[in-house]
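Reading the structure
Each chain, letter by letter, is given below.
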Amino acid sequence: MTASQLVLGVKLRDDARFDNFHGDRNTSAAQRLETVCHQPDDVPVVVLCGDADTGKSHLLQAVCHLGEKQGKAAVCISIAELEPFGPDALAGLETHDIVCLDDVDRITGERMWEEAIFHLYNRIQDRGGLLLVSLADLPASLPFELPDLVSRFSHGLIIQLGIYRDEDRLKILRARAEKRGLVMADDVASYIMRRAPRRLGDLLGILDILDENSLQAQRRLTIPFVKTVMGW
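Let me sum up the structure you'll find in this document. (Residues numbered from 1 in each chain as written. Predicted model: local features only at pLDDT ≥ 70, side-chain atom pairs only at ≥ 80, totals over all residues. Heavy atoms only, no water.)

Quick word on the pattern of salt bridges
Using the criterion set out here, one finds 9 salt bridges in the structure. In this structure, Glu 83 engages Arg 106 in a salt bridge whose closest nitrogen and oxygen atoms are separated by 2.6 Å. Here Arg 106 lies in the loop between strand E3 (98–102) and helix H5 (111–126) and Glu 83 lies in the loop between helix H4 (79–82) and E3, a separation of 23 residues in the sequence. For Asp 186, the salt bridge is made with Arg 174, and the minimal N-O distance between the two is 2.4 Å. Pair noted here: Asp 186 is in helix H8 (residues 186–195) and Arg 174 is in helix H7 (residues 166–179), with a separation of 12 residues, a long-range link. Linked through salt bridges whose partners overlap, the residues forming this network are Arg 165, Glu 167 and Asp 168. (Salt bridge = Lys/Arg side-chain N within 4 Å of Asp/Glu carboxyl O. Helix = DSSP H or I, 4+ residues; strand = E, 2+ residues; numbered from the N terminus.)

Regarding the layout of surface pockets
Its boundaries defined by the atoms lining it, the largest pocket holds a volume of some 500 Å³. Lining of the largest pocket is provided by 25 residues; of these, Arg 13, His 58, Arg 176, Leu 200 and Leu 204 occupy positions nearest its centre. Going through the elements one at a time, helix H3 (56–69), H7 and helix H9 (200–217) are the ones with two or more residues in the lining of the largest pocket. Take the lining of the largest pocket: its biggest share by element is 5 residues, from H9. (1 Å grid on protein atoms, 1.4 Å probe; cavity = no way out; pocket = protein on both sides within 12 Å on 5 of 7 lines; lining within 4 Å. Points joined across faces, edges and corners; volume = space filled by probe spheres on them.)

Brief notes about the pairing of E3
Counting buried residues along E3, 5 of its 5 residues qualify, which places the element largely inside the surrounding structure. Going residue by residue along E3, you find Ile 98, Cys 100 and Asp 102 tucked away on one face and Val 99 and Leu 101 tucked away on the opposite face as well. Sheet topology places strand E2 (residues 74–78) next to E3; 5 bridges connect them, and they run parallel. Opposite Val 75, over in E3, you have Val 99 as the bridge partner. Sheet topology note: the E3/strand E4 (residues 130–135) ladder contains 4 bridges and is parallel. (Buried < 20%, exposed > 50% of the residue type's maximum accessible area, 1.4 Å probe, protein only. Pairing = 2+ DSSP bridges.)

Shape descriptors only; they carry no functional weight alone.
Structure, rendered in structure tokens:
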């Protein structure tokens, strides 16, 4: 199955945009990336580096939203979605003006995948497009087998993202709650932060659960209500 068939099912999250990327820790990185989107001419590839909980996927999707707003064809897809179909699934992605590949570190050490991404990089460059990838670490620190791929990534624009501090996680939680129309008082937010796992993804998953239960029960968020729903 080719990428042209696969990408039809890839839908951008509406909440993954630059204007709702919250948390001071990575604000400057997001601003730098947004600037590149407006002036991409001299950038062969953009590499977002950071742990799984730093907002890389959000930013890649934000790039696509902005690209579409500019009238460009953009696609954002995770390597995890393509892995079952093999490296040939990358064929055809270069027809987009902007190609975002998430979690590329999943295929480090797999020669055929690395070569496929290397050739995709070249095809995108030949067409004057922009490639963005996310990695768990700097390219040279990952166990890639193909030196040419490491070289291409290392000579691109590397943007590093840091792990969120607690104040950033709190700010993101409250901003997401507000966007959903949920009123979250200070004591409720503090209670959730004390009990929730430290991963931002888990924290926002809790918000999904609370939002759904709040709507069903027609209840506002209080500490007793949160305790009941979450079993804390």
